[in-house]
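Working through the structure, step by step
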Amino acid sequence: MRIAADIFTIVAILTGAFFFLAGTVGLLRFPDTLTRLHALTKADNLGLGLVVLGLLPQSSSVFGGLKMILVWLLVLLASATVSQLIARAARRGGPHP
Amino acid sequence: MTSFLLAMTFFVVVMVAVGLFCVLRGASNADRMMAVQLFGTGGIAALLLAGVANGTEGVVEVVLTLSVLAAFAAVAFVKADESGAKDDDRPEQGP
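Keep in mind that what you see is a predicted model, and the values were worked out from it rather than measured.

**What about the overall build of chain A?**
Assigned secondary structure in chain A consists of 3 helices and 0 strands. The order of α-helices and β-strands along chain A, N terminus first, is α-α-α. The C-alpha atoms of chain A give a radius of gyration of 16 Å, which is well past the 13 Å a tight globule of 97 residues would have. Based on the C-alpha atoms only, the size of chain A along its principal axes is roughly 55 × 25 × 10 Å. Here chain A, with 97 residues, has 47% of them falling under the buried criterion. Of the roughly 4900 Å² of accessible surface on chain A, 77% is carried by carbon and sulfur atoms.

What follows is the structure, encoded as structure tokens:
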């Protein structure tokens, strides 16, 4: 059972790290501000979500795991609202598309 | 397992560092803010990975605070940006 948990952790965290990589590369490579925002939020939510998912079997107590899920939900909520705000700021600040 | 978690922490921190490069090069303020947002989330992921790798339980509270602060930073930026263009809240009237 222990091995299955470890394998699941490794696979989930690797995919999460891959999404971080994709998000960061997207943030640097994409031409337009709004497309960068898209790449960034993808890295945020998916990358962090998979990392938390991967860490769940490793955490010592159930309560610790629940707190990690709480962190993930908070970040999801925060990044959703923040993306809207940044998009509005980008739309107003930059040249109107 | 612990070394794998620490390697992943290093990888995420490198990703965040590369992302922060965009703050220097960023075209507009919004891009800089996005890099800071990535820094917040990347920091959270790295902290979580390092915390679980070392088995420390208190790291989740630290991460909770960091996630709230990251959100506040972005809101503060938008508020600061907004005060410059007060009349822009009306819908677009035309060119």
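**Considerations on the packing of helix H1 (residues 2-29) of chain A against helix H2 (residues 29-54) of chain B**
In contact at an axis separation of 12 Å, H1(A) and H2(B) are set at 165° when each is read in the N-to-C sense. Taken as axis vectors, H1(A) and H2(B) run roughly antiparallel relative to one another. Crossing geometry of H1(A) relative to H2(B) is assigned as left-handed. Taken together, the residues of H2(B) that come into contact with H1(A) (itself represented by A:Ile13, A:Phe20, A:Thr24 and A:Leu27) are B:Met34, B:Ala35, B:Leu38, B:Thr41, B:Gly42, B:Ala45 and B:Leu49. Of the residues in the contact of H1(A) with H2(B), the class split is 8 nonpolar, 3 polar and no charged.

**Details of the interface of chain B and chain A**
How big an interface is tends to be reported as the loss of accessible area on association of its parts. Taken together, the contact between chain B and chain A spans 46 residues of the former and 42 residues of the latter. Of all residues in chain B, the largest losses of buried area upon contact with chain A belong to B:Met1, B:Met34 and B:Leu38, amounting jointly to 15% of the total for that side. At the junction of chain B with chain A, the criterion picks out 1 salt bridge. A salt bridge links A:Lys67 to B:Glu61; its shortest N-O distance comes to 2.5 Å. Contributions of two or more residues to the side of chain B that touches chain A are made by helix H1 (2-25), H2 and helix H3 (59-84) of chain B. The leading source of residues in the side of chain B that touches chain A is H2(B), at 14 residues. Class assignment of the residues belonging to the side of chain B that touches chain A gives a composition of 31 nonpolar, 6 polar and 9 charged.

**Notes on the UniProt feature "transmembrane region" (unreviewed entry) in chain B**
Mapped onto this numbering, the UniProt entry gives "transmembrane region" (unreviewed entry) at residues 6-24, 36-53 and 59-78 of chain B. With 100% helix and 0% strand, residues 36-53 of chain B has its two end C-alpha atoms placed 25 Å apart.

**Some thoughts on the side chain of A:Ser83**
All names here are of chain A. With respect to the helices and strands, Ser83 occurs in helix H3 (residues 62-93). Only 2.4 Å separates the side chain of Ser83 from the backbone oxygen of Ser79, close enough to count as a polar contact. Setting aside residues no more than four positions away along its own chain, Ser83 makes contact with Leu37 and Thr41.

**Some details on the packing of aromatic side chains**
Per the stated rule, a full pass over the model turns up 1 aromatic pair over all chains. Their ring planes at 65° and their centres at 5.6 Å tell us that A:Phe18 and A:Phe19 sit as a pair that is edge-to-face.

**A closer look at the UniProt feature "transmembrane region" (unreviewed entry) in chain A**
All names here are of chain A. Per the UniProt record, "transmembrane region" (unreviewed entry) is found at residues 7-28 and 69-87. As a span, residues 7-28 carries 100% helix and 0% strand, and end to end its C-alpha atoms are 32 Å apart. With 100% helix and 0% strand, residues 69-87 has its two end C-alpha atoms placed 27 Å apart.

About the thresholds
- Residues numbered from 1 in each chain as written.
- Chains lettered and ligands numbered in written order.
- Predicted model: local features only at pLDDT ≥ 70, side-chain atom pairs only at ≥ 80, totals over all residues.
- Heavy atoms only, no water.
- Helix = DSSP H or I, 4+ residues; strand = E, 2+ residues; numbered from the N terminus.
- Rg over C-alpha atoms; globule rule 2.2 N^0.38 Å.
- Buried < 20%, exposed > 50% of the residue type's maximum accessible area, 1.4 Å probe, protein only.
- Areas by Shrake-Rupley, 256 points an atom, 1.4 Å probe, with all protein chains shown as cover.
- Axes fitted to C-alpha atoms, helices over the stretch in contact; angles between N-to-C directions.
- Parallel < 35°, antiparallel > 145°, perpendicular 65-115°, else oblique.
- Left-handed = near helix turned anticlockwise from the far one by under 90°.
- Contact = heavy atoms within 4.5 Å.
- Nonpolar A, V, L, I, M, F, W, Y, C, P; charged D, E, K, R; others polar.
- Buried area = accessible area lost by both parts, 1.4 Å probe.
- Salt bridge = Lys/Arg side-chain N within 4 Å of Asp/Glu carboxyl O.
- UniProt positions renumbered as here; feature names shortened; annotations may be inferred.
- Polar contact = N/O pair within 3.5 Å; in protein donor to acceptor, adjacent residues only side chain to side chain.
- Phe/Tyr/Trp six-rings, centres within 6.5 Å; stacked < 30°, edge-to-face > 60°.

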